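# Chains, contacts and geometry: an overview
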Amino acid sequence: MRGVLIDSCEVVVTMDDAGTEIAGGSLLLEEGVVAWIGTGEPPHWPDGVERVDGRGTVALPGLVNTHHHLYQTLTRARAQDQGLFGWLRELYPVWARLDEEWERAAAAVGLAELALSGCTTTIDHHYVFPPGVPGLLEAEIDAAVEIGVRFHPSRGSMDLSEKDGGLPPDSVVQDADTALAETEDAVRRFHDPAPGAMLRVAVAPCSPFSASDRLMRESAELARRLGVRLHTHIAETLDEEAFCTETFGRRPLELLEDQGWLGPDVWLAHCVHLGDKDVRRMAETGTGTAWCPSSNLRLGSGIAPAGALLEAGAPVGLGVDGSASNESGDMLAEVRMALLAARGPVGRPDGDPGAMSAREALRVATRGGAACLGRDDVGSLEPGKRADVALFSVHDLSHAGAEVDPVAAVVLCGPARPRHLLVEGRPVVRDGRLAAADEEDIAAEGHRAARRIAAGAAR
Ligand SMILES: [Zn+2]
């Protein structure tokens, strides 16, 4: 029997329904799940238990990232002053050269960044499948297995190119039949529905301006037939709203509802431009939001009404989004950004300092993310939940002076690397370094692949 005792933390934040925090708390992890949480000695000792010194740290449930495009990690700092459509038009031709080597290097960099910011579960929304390029999903799954994070590689698709009135060039789309067949194949090969699964696949056509009405409708039918979740981008910018109104005669969320999309098995990236009625429909249908405040601010898209969605009872999680529209895959930085963005002038002339607390932002990044991904086995530290734990030091330089509230300090004084990160009770980060992979090798390979891309030499 394999066990880990995380001993004498400054605070254990359970993120249970009551918001229980245990000062001086310890955690016993056994066989991949939380076996016990409390103070003092655990009620039993598994054979060969490993002790992890929790002193000076805040223990959190591992953070859950609900939106990302790992391949974009190697195309950062481009189209720096563009909005979404201009940014996409500049980047699509670069992404058209995507190959397996690029995907592997980008996924390793992106997943390492996530792990080194406290993230234990992440999706990847991968929707660029240039014809004749094999092995892309496989490459990112390999990287996730090596680093040790829980991974939801969502199989995206695009079939609406410029010649059909869409935004992407012809070279990066597939026809709908191929996209649907390959999506079904990815689910059958990689999706694990079992509790505690390390690998799950969602069906994820890209957006209303890059996926046809048929692909959107049949993707929803496919996901429901296979019993997996549905994901896409929606209501990101006013350009998109104008496109939907002109092309389909409906605003973005109305279009999605008409296509059979809203429901408790769906989570949607961005949701920046939602009206009051849209917010109510998200809550009534149990549809989740992957809130990406850094990316939305970087592209000048606006600030999503996350507070209104939460108040209405809709699930809200956090996403770092593809690192070409954020330039960072730091999940703890995104928690801090969420708090700041929520306090900004959202639907009012001034800001609101009471709009979101540090603990509320952490809850969005843990329980909220787990709800978006349809997982009731992660997102909190409770007996029987998976042993996914992030330990952040609060005794270091950047937290000096915040002794009055170490939990809030993790958000307000951040971001910082976790001292330790465990997934299924296994070390993914140890003493601030990747435990199973080499950070310098990943960085060197990322720079090498990115130079090849910048030189136009990929593929
Ligand atoms: Zn995205």
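Now for a look at the structure at hand. Since this is a predicted model, take the numbers as computed values, not measurements. (Residues numbered from 1 in each chain as written. Predicted model: local features only at pLDDT ≥ 70, side-chain atom pairs only at ≥ 80, totals over all residues. Heavy atoms only, no water.)

### A short note on the coordination of the zinc ion
The criterion, for reference: For Na, K and Ca the donor cut-off is 3.2 Å, while for other metals it is 2.8 Å, and in both cases only N, O and S atoms qualify; water is not among them, so sites may look incomplete. For four-coordinate sites, all angles between 85 and 135 degrees define a tetrahedron; for four- and six-coordinate sites, opposite donors beyond 155 degrees with the remaining angles between 65 and 115 define square planar and octahedral shapes respectively, and all other cases count as irregular. Relative accessibility under 20% of the residue-type maximum defines a buried residue, over 50% an exposed one, and the middle range a partly exposed one, all with a 1.4 Å probe and only protein chains included.
Coordination sphere of the zinc ion, protein contribution only: His67 (NE2), His69 (NE2), His233 (NE2) and Asp321 (OD), at 2.0 to 2.7 Å. For the zinc ion, the 4 donor atoms in the first shell make angles of 86 to 175° at the metal, a pattern classed as irregular. All donors of the zinc ion belong to a single chain; written as a sequence motif, their spacing is H-x1-H-x163-H-x87-D. Judged by relative accessible area, which is 2%, His69 ranks as buried.

### Regarding the pairing of strand S7 (residues 57-61)
Under the convention used in this document: The helix count covers DSSP runs of H or I at least four residues long, the strand count covers runs of E at least two residues long, and both are numbered beginning at the N terminus. Any two strands between which DSSP finds at least two bridges are classified as paired.
Summarising burial for S7: 5 of the 5 residues are buried, a large majority. Here S7 shows no split at all, with Thr57, Ala59 and Pro61 on one side and Val58 and Leu60 on the other all buried. Sheet analysis places strand S2 (residues 11-13) next to S7, joined by 2 bridges and oriented parallel. Note on S7: the bridge partner recorded for Val12 is Ala59. Note that S7 and strand S16 (residues 389-393) share 5 bridges and pair antiparallel. Each residue of the ladder has a partner; that of Val58, found in S16, is Phe392.

### A few points about the packing of aromatic side chains
For the record, the criterion: Two aromatic rings from Phe, Tyr or Trp, using only the six-membered ring of Trp, form a pair when their centres are within 6.5 Å; if the ring planes differ by under 30 degrees the pair is stacked, by over 60 it is edge-to-face, and anything between is tilted. Charge over a ring is defined by NZ of Lys or CZ of Arg lying within 6 Å of the ring centre and within 35 degrees of the ring normal.
Tallied over the entire structure, the rule returns 7 aromatic pairs. Geometrically, the ring pair formed by Trp87 and Trp95 is edge-to-face, given 5.5 Å between the ring centres and 75° between the ring planes. According to the relative accessible area criterion, Trp87 is buried, its value standing at 4%. On the numbers, 6.2 Å between centres and 65° between planes, the contact of Phe243 with Phe248 is edge-to-face. For Phe243, a relative accessible area of 14% gives the class buried. Among the residues examined, Phe248 registers a relative accessible area of 22% and is labelled partly exposed. Grouped by ring-pair contacts, the aromatic residues Tyr71, Trp87, Tyr92, Trp95 and Tyr127 constitute a single cluster. Directly above the ring of Phe129 sits Arg155, whose terminal nitrogen or CZ lies 3.6 Å from the centroid.

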